[in-house]
Amino acid sequence: MNPLRRRMIIMLCCVCLLLGLIFGFNQFKSYMIKKFISGAGLPPATVSTMDITSTLWQPNLTSVANVRAFRGVELSTELGGLVQTVAVKSGQDVQEGDLLIKLNDASDVAQLHSLKALADLAKVINERDRQQLAIQAISKNVYDTSKADAQSKQAQVEQQAALVAKKTLKAPFSGRVGIVTINPGQYVNPGDKLMTLQTLDPIFLDFTLPQSNAEQIAVGQDIIVTTDAFKDATFTGKITAVSPKVDTNTRNIQIEAQLANPDKKILPGMFANVNIKVGQETKLLTLPQTAVTYNPYGSTVFIAKATDKKDKEGKPVLEAQQVFVTTGSTRGDQVAILKGLQEGDTVVTSGQLKLKNGTPLIINNTVLPANSPNPKPQE
């Protein structure tokens, strides 16, 4: 064999051997890395947990209501004129028929007296004609004319008396007067809003509920009302009416409730939170809403499950296990769990976004998520 060819073959063999060694080393390195990672396992995650327990759950419906006066009106006069008397003060309680405002009616009263005099004269003439007709001194036609004239004059008196009465504004019902800005000597036009009058005890609440709750609502049901104006106070009332139709735009049912307001604390125009108890109290498993992860394919939670492995202190290592749950109604920070968990299960309440099945857990419950059935906003 040619020496040059022999050297070429030896060089190619050496190159192939070197490439084989490099490939084998890379394969061995990848194998060792995978073995190390598989032996090390998933990194632990720090989470907070709680043992799920059953609590008494009162099914209820909630809504936001607008407060409306039992009776409320913006008062005005049918006629214009100068204000002669303002008989009430701002915020005063009045009774039905009490005088509120009187307009100057001197000329109208004078006209009334004139018409009364004419009516009295017409009545005297008619009575005289009746006596003369009895002895056939006049015809029946003359008597009928005087009788019609007397009735016409009396009608004019009543018309003028009604006109005089329109110059006096009286309370159409009992209630509380609003801010009075009218002063004597001021000229008012017909239809001008002079003051508001509101009946505050009892008082109405208007609110809506979805059509899906129609079966649970009935006239006479008790309601519990709270307002931001009186945070520590609760008021009770009853449903007085349920609308016979559903709003086609919102698919909600309008509901009216009546509330006793003897202290007159609740005012028209306020908004209030309404709570309606429906059904009997039941025992349900509850969790903080932060413990549940809502997905398009279903709601899930992570539970802390003990394994056969031991930590440095000899305690069983806890691992995360994802389970599907069926959630029910919510109450404040809590949500009811209908299926998927059993009482006593240890559930991850925060930190679950970084978990997957098999993740070792480090429990740290120094900071826990809110879990109040009746949370209140912090100042």
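All of these numbers come straight from a predicted model, not from anything done at the bench.

S.K.: Before we go on, may I ask you to explain the environment of P190 in this structure?
M.R.: Topologically, P190 is positioned in the loop between β9 (187-188) and β10 (195-210). Between the alpha carbons of P190 and A165 there is a distance of 14 Å; along the sequence they are 25 residues apart. Setting aside its immediate chain neighbours within four residues, P190 contacts T77, E78, L79 and G80.

S.K.: So what exactly am I meant to see when it comes to helix α2 (residues 106-134) here?
M.R.: Every α-helix carries 3.6 residues per turn, so stepping three or four residues along brings you back to the same face. In this model, α2 (29 residues) spans 42 Å end to end at C-alpha, consistent with the 42 Å of a helix rising 1.5 Å per residue. When we look at burial in α2, the residues that qualify are D108, L112, L115, A119, A122, N126 and D129. Buried residues in α2 make contact with α3 (140-165). Looking at the residues trailing α2, positive phi occurs at Q136, about 60°.

S.K.: So what exactly am I meant to see when it comes to the sheet that holds strand β7 (residues 168-170) here?
M.R.: Adjacent strands of a sheet form backbone hydrogen bonds with each other and so pair up, either parallel or antiparallel. Taken together, 4 strands build an open sheet; the order of strands is β7-β6-β4-β9 and the sheet is antiparallel. Sheet topology places β7 and β9 at the edges, where each strand pairs with a single neighbour. Relative to β7, strand β6 (residues 99-103) runs antiparallel, the two sharing 3 bridges. In the strand pairing of β7, I101 is matched with L169.

S.K.: Which parts of the structure should I look at to understand the packing of α2 against α3?
M.R.: Think of two packed helices as two axes; the pair is described by the angle between the axes and how far apart they sit. Where α2 meets α3, the axes come as close as 8 Å, and the angle between the chain directions of the two elements is 160°. As far as their axial angle goes, α3 and α2 are roughly antiparallel. When the axes of α2 and α3 are compared, the crossing they make is left-handed. Of the residues that constitute the contact of α2 with α3, the class distribution is 15 nonpolar, 6 polar and 9 charged.

S.K.: Would you mind showing me how to read the nonpolar core here?
M.R.: Nonpolar side chains in soluble globular proteins tend to end up buried together. Counting 20 residues, the largest nonpolar core has L205, F207, I223, V225, V274 and I276 as the members making the most contacts within it. Secondary-structure elements contributing two or more residues to this core are β3 (60-75), β10, β11 (222-226), β12 (235-246), β13 (252-259) and β14 (271-277). Not counting residues up to four positions away in its chain, the partners in contact with V225 are L205, A233, T234, F235, L259, A272, N273 and V274. Core analysis: the second largest hydrophobic core is formed by 17 residues, L103, V188, L194 and M195 among them.

S.K.: Hey, could you run me through the packing of aromatic side chains in this one?
M.R.: All chains considered together, the criterion is met by 2 aromatic pairs. Ring centres of F70 and F204 lie 5.3 Å apart, and the angle between their planes is 35°; on these two criteria the pair is classed as tilted. Of this pair, F70 sits in strand β3 while F204 is found in strand β10, placing the two residues 134 residues apart along the sequence. Note on F70: relative accessible area 28%, which makes it partly exposed. Residue F204 is classed as buried on the basis of its relative accessible area of 10%. Centre to centre, the rings of Y297 and F324 are 6.1 Å apart; their planes meet at 70°, and the pair counts as edge-to-face. Linking Y297 in the loop between β16 (293-295) and β17 (298-310) with F324 in strand β18 (residues 316-331), this pair joins segments that are 27 residues apart in sequence.

Parameters and conventions
- Residues numbered from 1 in each chain as written.
- Predicted model: local features only at pLDDT ≥ 70, side-chain atom pairs only at ≥ 80, totals over all residues.
- Heavy atoms only, no water.
- Helix = DSSP H or I, 4+ residues; strand = E, 2+ residues; numbered from the N terminus.
- Contact = heavy atoms within 4.5 Å.
- Expected span 1.5 Å × (residues − 1).
- Buried < 20%, exposed > 50% of the residue type's maximum accessible area, 1.4 Å probe, protein only.
- Pairing = 2+ DSSP bridges.
- Axes fitted to C-alpha atoms, helices over the stretch in contact; angles between N-to-C directions.
- Parallel < 35°, antiparallel > 145°, perpendicular 65-115°, else oblique.
- Left-handed = near helix turned anticlockwise from the far one by under 90°.
- Nonpolar A, V, L, I, M, F, W, Y, C, P; charged D, E, K, R; others polar.
- Core = buried A, V, L, I, M, F, W, Y, C linked by side-chain atoms within 4.5 Å.
- Phe/Tyr/Trp six-rings, centres within 6.5 Å; stacked < 30°, edge-to-face > 60°.

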